[in-house]
Amino acid sequence: MRKAWQVWTVVGCLALTSTQLQVSAGESPREARFLDDLLARMTLEEKIGQLVLVSIGPSHPRDQVNSSIAAGRAGMVLNTVVREDIRELQRQAVEHSRLGIPLAFAFDVVHGQRTLFPIGLGLASTWDLPAIALSGRVAAREAAADGLDITFAPMVDIGRDPRWGRMSEGFGEDTWLITRISETLVDAFQGDDLSSPDSMMAVVKHFALYGAGEGGRDYAPAEMGRRQMREVHLPPYRAAIDAGAGGVMVALNSIDGVPATANRWLLDDLLRGEWGFGGLVISDHGAIGELISHGVAADAEQAARLAIQAGVDVDMNSDVYGLHLAGLAERGELDPALIDRAARRVLAAKYALGLFDDPYRRSGPSTEDALAFDDPSRLHRLEAREVARRSLVLLKNQRETLPLDRKARIAVVGPLAKSQADILGSWSGAASPSQAVSLWQGLVDARGGEEGLSYALGANFSDDPLVVDYLTTYTPEVKIDPRPAQVLRDEAVAAAGDADVVVAVVGESRGMSDESSSRSELDLPAAQAALVDALESTGKPLVLILMNGRPLTLERQAGQADALLETWFAGTEGGHAIADVLFGDFEPVGRLPVSFPRRVGQLPLYYALVPTGRPVDPLHPGKFTSRYFDVAGGPLFPFGFGLGYTDFSLSNPRLSSRVLSRDGQLEASVEVINQGKRRGSTVIQLYLHDPVASVTRPVRELKGFKRVTLDPGERARVDFSIDPTMLAFYSGEGPLETIEPGEFEVFIGQHAEDGEPLSFTLRP
């Protein structure tokens, strides 16, 4: 057995006991005095009021909310984005409550506010951290201009089972990539100064393991060992906290039998103690009351006690804290210091946001309300278009079908071609579908009119009554054409017959990839699959444009299409961005942040698998190996994959040394050549593997990437630095990482299955 080095990966403070008042180490003397004085003047009921986040809606109508605010029974408000309304609610707090403590206003600003950028999977597909940062900074500016102080983002749950609908909101399957995105978006949302009028507090979610639910079902339990938690799922949350995220939203699932909302190990031992987090911990919507359904609380009183003892500061929209904490404290069943501790954290967050200096810091004076709610000048279209076109992933381009001839006769078909709502995706902020650019409109604008373009619906999203009922109930904007499916297909075939090329826009409605939108099958809906079959039969070049919030099982359609372009849900400027790529005005540069399975039975599927004692050889699978015998091994499209309009080759990979010392580093490099006829770019990716360790290690782990842009015939050498910290892993259940000397493998390629191994030795 190899001798291991033990290294601490965190610098935190010891966890305080539940009866101690936790004061943030970051408090200035002025802030500490201010908070001490304010807390001393507050009644128990007023302190509890600060822990209540009210969600305006049917259960909390506006008049009731106004009364609660004036009485000091609400500290935060969710689900209002109109400046005038926010200002009036703030006035109730500042002018009518006893102490005039300002409210904080929160919203799910996930991939934009007025202007929508691509959904999370689309942002991750850019493999471009500055572009992702741009999306977050614009979102923060727009949301702050609407009067919002807090966003429940970024969502950094690892997604390795695309049956899960909320995979659309996150950034894919890879821990290292999502960790980089996590810290990038926290910086973008919060800016250099959290109290700035154009910054907002980031609340990272969902802590923790929310993407690891059984069977890809939303809200389902997550069961795994602590080592896998620490290695795979926890780093992106930790990165957000290290980047300064002001808050954490607790996951709705249970972890090893204990709901996250009542999980002391998760929220107190790990988050507060080991990681030293001093910010806000907020429940998910109604989650504290749901502890009863989880089966760990007999009633709402017990649920309130469990949650606040675990470390949940703020109760989002369940009324449990407001109704029950005071009684528990007055009867001696709850230490009042827990309420003081949580209230102090809420007040500290408001202090950091600058709300005590100016409660209207983001909602602004009424004189600034001249613009209409959906005034187009609020939008950032250029930025949205730039990021969106970087998110598109070209998966197939047979016989150089793309880019299209701008003068070609094009038949545009499919239920997503003209949809302005669906191209926005889920969690659409305050965006107006009427301001979104559909793919049809993008093509029309690119061509300067509709001449040479024809359109046919071709199919509804689905003809399955169960799916239709779900979509028309949950997403009312989904329209179903009542005509027979054959009539719709015949129209599409007729349009194709008069065209030079067919562009079919297929996939999911946005309601199919959302919260509580898990799917048992990932095939293209049968109505749309039949449409693709009919279009293939015409013999015309067929370009499939995918709009979807998760990887789909597309083995048949990938064989039918001449070109396949993954666009996810590309946002407000999605139609223009897609047209830019289709006509070659912009090179497709996106790369997949998630593996595409061939069939749903392969799930969960991800590239960083750990080997078994009977690994499969793709060339000689054998009988007694770890595989499915009824499907080709591996993904349809691997993690990191993507094509462009030119071809790159990699050659002469090398290491600067075959030995790495404990305190040193070495360089890994490869030569990249543009062998095509166009200027273009590719993403060179670095993967590492530890072949022999004290625990089984993944076959590959992403540890770096660089984009290189070259003219035809041009070549460049791409270099990566490797140091021992990149080889660390968790060998046990505790917070220590291990670096074990020995031999390691390096892979440099253009996706997770590319590149031949180079070896080096790490010395003790």
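Everything numeric here is computed off the predicted structure, so don't read it as measured data.

A.B. asks: Talk me through the packing of helix H16 (residues 439-447) against helix H21 (residues 574-582); I want residue IDs and the actual numbers.
C.D. replies: Packing of H16 against H21 brings their axes to within 7 Å, and their N-to-C directions diverge by 55 degrees. When the axis of H16 is compared with that of H21, the two are oblique. Crossing hand, H16 versus H21: right-handed. Mapping the contact onto sequence places Leu 439, Gly 442, Leu 443, Asp 445 and Ala 446 in H16 and Gly 575, His 576, Ile 578, Ala 579 and Leu 582 in H21. Of the residues contributing to the contact of H16 with H21, the split by class is six nonpolar, three polar and one charged.

A.B. asks: Before we move on, can you summarise the side chain of Arg 389 with the specific residues and values?
C.D. replies: As for its placement among the helices and strands, Arg 389 is situated in helix H15 (residues 381-390). Accessibility expressed as a relative area gives 19% for Arg 389, which makes it buried. One polar contact links Arg 389 to Asp 580, side chain to side chain, over a distance of 3.2 Å. Look past the residues within four positions of Arg 389 in its chain and what remains in contact with it is Ala 577, Asp 580, Val 581 and Phe 586.

A.B. asks: Go over the UniProt feature "domain: Fibronectin type III-like" (unreviewed entry) in the protein chain with me, naming the residues and quoting the values.
C.D. replies: Here, the residues flagged by UniProt with the feature "domain: Fibronectin type III-like" (unreviewed entry) are residues 682-752. With 0% helix and 54% strand, residues 682-752 has its two end C-alpha atoms placed 14 Å apart.

A.B. asks: So what's going on with the domain arrangement of the protein chain? Residues and values would help.
C.D. replies: Segmentation of the protein chain into domains returns domain 1 (104-321), domain 2 (393-589) and domain 3 (648-762). The centre of domain 2, based on its C-alpha atoms, is set 37 Å off from the matching centre of domain 3. With four residues of domain 2 at the contact, the number on the domain 3 side is six residues. With both sides pooled, the region where domain 2 packs onto domain 3 buries about 370 Å², and carbon together with sulfur makes up 32% of that total.

A.B. asks: Describe the pattern of salt bridges, listing the residues and the values that go with them.
C.D. replies: Throughout the structure, instances matching the rule amount to 46 salt bridges. In this structure, Glu 46 and Arg 98 form a salt bridge, with 2.8 Å as the shortest nitrogen-oxygen distance. Placement of the pair is Glu 46 in helix H2 (residues 44-49) and Arg 98 in the loop between helix H4 (83-96) and strand E4 (104-107), with a sequence separation of 52 residues. By relative accessible area, which is 11% here, Glu 46 ends up buried. With relative accessibility at 53%, the residue Arg 98 sits in the exposed group. The partner of Lys 205 in a salt bridge is Glu 169, and the shortest N-O contact between them spans 3.1 Å. Of this pair, Lys 205 sits in strand E6 (residues 201-207) while Glu 169 sits in the loop between strand E5 (150-151) and helix H7 (175-190), placing them 36 residues apart in sequence. A relative accessible area of 1% means that Lys 205 is categorised as buried. Accessibility expressed as a relative area gives 3% for Glu 169, which makes it buried. When salt bridges with common partners are traced through the structure, they connect Asp 128, Arg 385, Glu 386, Arg 389, Arg 390 and Asp 580 into a single cluster.

A.B. asks: Residue-level account of the sheet that holds strand E12 (residues 393-397), with values.
C.D. replies: One open sheet accounts for six strands, arranged E12-E17-E16-E15-E13-E14; its pairing is mixed. Every other strand in the sheet has two partners, leaving E12 and strand E14 (453-456) as the edge strands with one partner each. With strand direction ignored, the average angle separating the axes of adjacent strands in the sheet is 20 degrees. Judged from the six bridges that link them, strand E15 (residues 501-507) and strand E16 (residues 542-547) form a sheet pairing that is parallel. The residue of E16 that forms the bridge with Val 506 is Leu 546. In this fold helix H19 (residues 526-536) packs onto strand E13 (410-413), E15 and E16, with an angle of close to 170 degrees to the strand it touches most, E15.

A.B. asks: Run through the nonpolar core, naming residues and quoting values.
C.D. replies: Core analysis: the biggest nonpolar cluster contains 206 residues, and Phe 152, Phe 207, Leu 325 and Leu 582 have the highest contact counts within it. Dropping the residues within four chain positions of it, Leu 325 is found in contact with Ile 48, Leu 51, Ala 304, Ile 308, Val 320, Leu 334 and Ile 339. By size, the runner-up hydrophobic cluster in this structure holds 25 residues, among which are Leu 660, Ile 684, Phe 720 and Ile 739.

A.B. asks: Quick one: what's the story with the sheet that holds strand E22 (residues 701-710), residue by residue and with numbers?
C.D. replies: Pairing is mixed across the open sheet formed by five strands, whose spatial order is E19-E26-E25-E21-E22. Each of the sheet's edge strands pairs with one partner strand only, and the pair in question is strand E19 (659-660) and E22. Inspection of the sheet shows strand E21 (residues 680-689) paired to strand E25 (residues 742-749) by five bridges, in the antiparallel sense. Following the sheet pairing, Leu 688 is matched in E25 by Val 746.

Basis of the calculations
Residues numbered from 1 in each chain as written. Predicted model: local features only at pLDDT ≥ 70, side-chain atom pairs only at ≥ 80, totals over all residues. Heavy atoms only, no water. Axes fitted to C-alpha atoms, helices over the stretch in contact; angles between N-to-C directions. Helix = DSSP H or I, 4+ residues; strand = E, 2+ residues; numbered from the N terminus. Parallel < 35°, antiparallel > 145°, perpendicular 65-115°, else oblique. Left-handed = near helix turned anticlockwise from the far one by under 90°. Contact = heavy atoms within 4.5 Å. Nonpolar A, V, L, I, M, F, W, Y, C, P; charged D, E, K, R; others polar. Buried < 20%, exposed > 50% of the residue type's maximum accessible area, 1.4 Å probe, protein only. Polar contact = N/O pair within 3.5 Å; in protein donor to acceptor, adjacent residues only side chain to side chain. UniProt positions renumbered as here; feature names shortened; annotations may be inferred. Domains from an automatic or database assignment. Buried area = accessible area lost by both parts, 1.4 Å probe. Salt bridge = Lys/Arg side-chain N within 4 Å of Asp/Glu carboxyl O. Pairing = 2+ DSSP bridges. Core = buried A, V, L, I, M, F, W, Y, C linked by side-chain atoms within 4.5 Å.

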